[in-house]
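Commentary on secondary and tertiary structure
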Amino acid sequence: MTKAPPIQGEFYQRDRRWHPPAFHKDYKTSVARSPKLSLISLENTASEITGPRFGHSDLAPGDNDLLTNYAQPEQSPIGERIIVHGRVLDENARPVPNTLVEIWQANASGRYRHKKDAYLGAIDPNFGGCGRTMTDENGYYYFRTVKPGAYPWRNWVNDWRPAHIHVSVFGTGFAQRLITQLYFEGDPLIKTCPIVATIPDPDAVEQLIARLDRNATIPLDTIAYKFDIVLRGRRSTLFENRLEGN
Amino acid sequence: MPQQLDYLKETPSQTAGPYVHIGLAPGAAGFEIYDQELGQDITGPNAEGERIRIEGLVIDGTGSPVKDVLLEAWQANAAGIYAHPEHPGEVEEGFRGWGRVITDFDSGEWGFETVKPGLVMGRNGQMMAPHINLWIVARGINVGLNTRLYFDDEAEANAADPVINVIEWEKRRKTLIAKRSERDGQAVYRFDIHLQGDDETVFFDI
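What this report covers is the structure whose coordinates are included nearby.

Some thoughts on the nonpolar core
One finds Trp104, Val167 and Phe227 of chain A together with Phe204 of chain B to be the most contacted residues of the largest nonpolar core, which totals 83 residues. If near-sequence neighbours (up to four positions away) are discounted, Val167 of chain A is found in contact with Val101, Glu102, Ile103, Leu178, Ile179, Thr180, Leu182, Phe227 and Ile229 of chain A. Membership of the second largest hydrophobic core comes to 26 residues, among which are Val69, Ile136, Ala138 and Ile141 of chain B.

With respect to unusual backbone geometry
Positive phi, close to 60°, is recorded for Leu220 of chain A, a residue that is not glycine. The residue Leu220 of chain A is located in the loop between β10 (209-212) and β11 (223-226) in this model. The exposure class assigned to Leu220 of chain A is exposed, which follows from its relative accessible area of 95%. Even without glycine at this site, Asp184 of chain B takes up a positive phi of about 50°.

Here's the deal with the interface of chain B and chain A
In many reports, interface size means the accessible area that the parts give up when they come together. In this complex, chain B contributes 85 residues to the contact, which on the side of chain A involves 102 residues. For the pair chain B and chain A, the two sides together bury roughly 8200 Å², of which 58% comes from carbon and sulfur. Summed over the three residues of chain B that lose the most area to chain A, namely Glu10, Gln14 and Arg123 of chain B, the buried surface amounts to 11% of that side. Summed over the shared surface of chain B and chain A, the result is eleven salt bridges.

What to know about the pairing of strand β10 (residues 177-183) of chain B
Residue and element names in this part refer to chain B. Relative to β10, strand β9 (residues 145-151) runs parallel, the two sharing two bridges. Across the sheet, residue Phe151 finds its bridge partner in β10, namely Ala178. Relative to strand β11 (residues 186-190), β10 runs antiparallel, the two being bridged by five bridges. Bridge pairing in β11 places Arg180 opposite Tyr189. The loop that links β10 with its antiparallel partner β11 comprises two residues; one of these, Asp184, has a positive phi angle of about 50°.

Each value, and the rule that gives it
- Residues numbered from 1 in each chain as written.
- Chains lettered and ligands numbered in written order.
- Predicted model: local features only at pLDDT ≥ 70, side-chain atom pairs only at ≥ 80, totals over all residues.
- Heavy atoms only, no water.
- Core = buried A, V, L, I, M, F, W, Y, C linked by side-chain atoms within 4.5 Å.
- Buried < 20%, exposed > 50% of the residue type's maximum accessible area, 1.4 Å probe, protein only.
- Contact = heavy atoms within 4.5 Å.
- Helix = DSSP H or I, 4+ residues; strand = E, 2+ residues; numbered from the N terminus.
- Buried area = accessible area lost by both parts, 1.4 Å probe.
- Salt bridge = Lys/Arg side-chain N within 4 Å of Asp/Glu carboxyl O.
- Pairing = 2+ DSSP bridges.

This is the structure:
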């Protein structure tokens, strides 16, 4: 017999008008891959409030350094050397410690190390294109990498993705699971990208644009960009709905 | 001007794109980089309960299999306990309850080995039927899709399940029920996920 779960706050509802809708005609691949019927709204149970946990034994120490994690000894990938750093927070502005952050990206010429990517841009023998790390006790994370290049993709005839890094984050509950993309301040391609444009609110788009961070830049070495990630927050009032009943 | 509510906004989602494998399953993208890829062993060696296999397709609105999907599974152990500090109870040493699987680039088939989960305590003291929570991302999916897989040999528990019963349309409930068969003495459950169409799978806003 299972014991009743303890009293725990539920996650705040996801703001579905802040996220992109499933269907967006200008992002053509979404047309046949978007559910047409409404999502069924569920109140949180143990299945949504819990989620997988990871530890440092799951990772190797250099997994967050894309400048070295696939490079030959004494060699480096081509491209602008950057640091991407920030914090994982929840909607209550509390840090999310010890959570797994995974990233992947194209190399400096806009080419992915993937057997399905046939773009003309060259593969870089010293660049894998993925990294992962755990946030520390303050929710802080950092990666070192090269700035990815823009690349063309088949949507409209002449579409180019802005430079971007894919970011995957867990949080503490499966309901917080999130994948998004990080863009770079000042990139003119952000405005024309149909994938960016799936997000209806311009303020929400701004939230995906990493800002140049001169204070974290290492002189004569690496330019830094800051990118904070916000996961769903949880309710914590005394008048909480009790998951296990009243 | 009333007081401000100082909440942050959740970071908006973007599609995982066609190359999700590079980040989350690099071996499938065609290169070795990590000492260990995560999510390949859901149960560990000590998990009790029936060993089962789950497999299926993800099917788009044209009826075609989607061949660049990544799915994540989250489940309780055979005693209905999640490997998480907020869920009271113990799980077996090495049981994580989480896995990650990709579809085959040619056929679109996906599958993973696990143990059949037990009943889990739901809200208001109502037991939830055994189920596996699934999260589906791919190119063309702007926000990861959440659904649940239930088991067709749990008819009684399914009939009483508070989540299945939230679904107003009874004919749609069957989209969440995996079908059991046997292969070489092993239980195999089939679970095809329809993103659109007459049999569109029920997806949840959790």
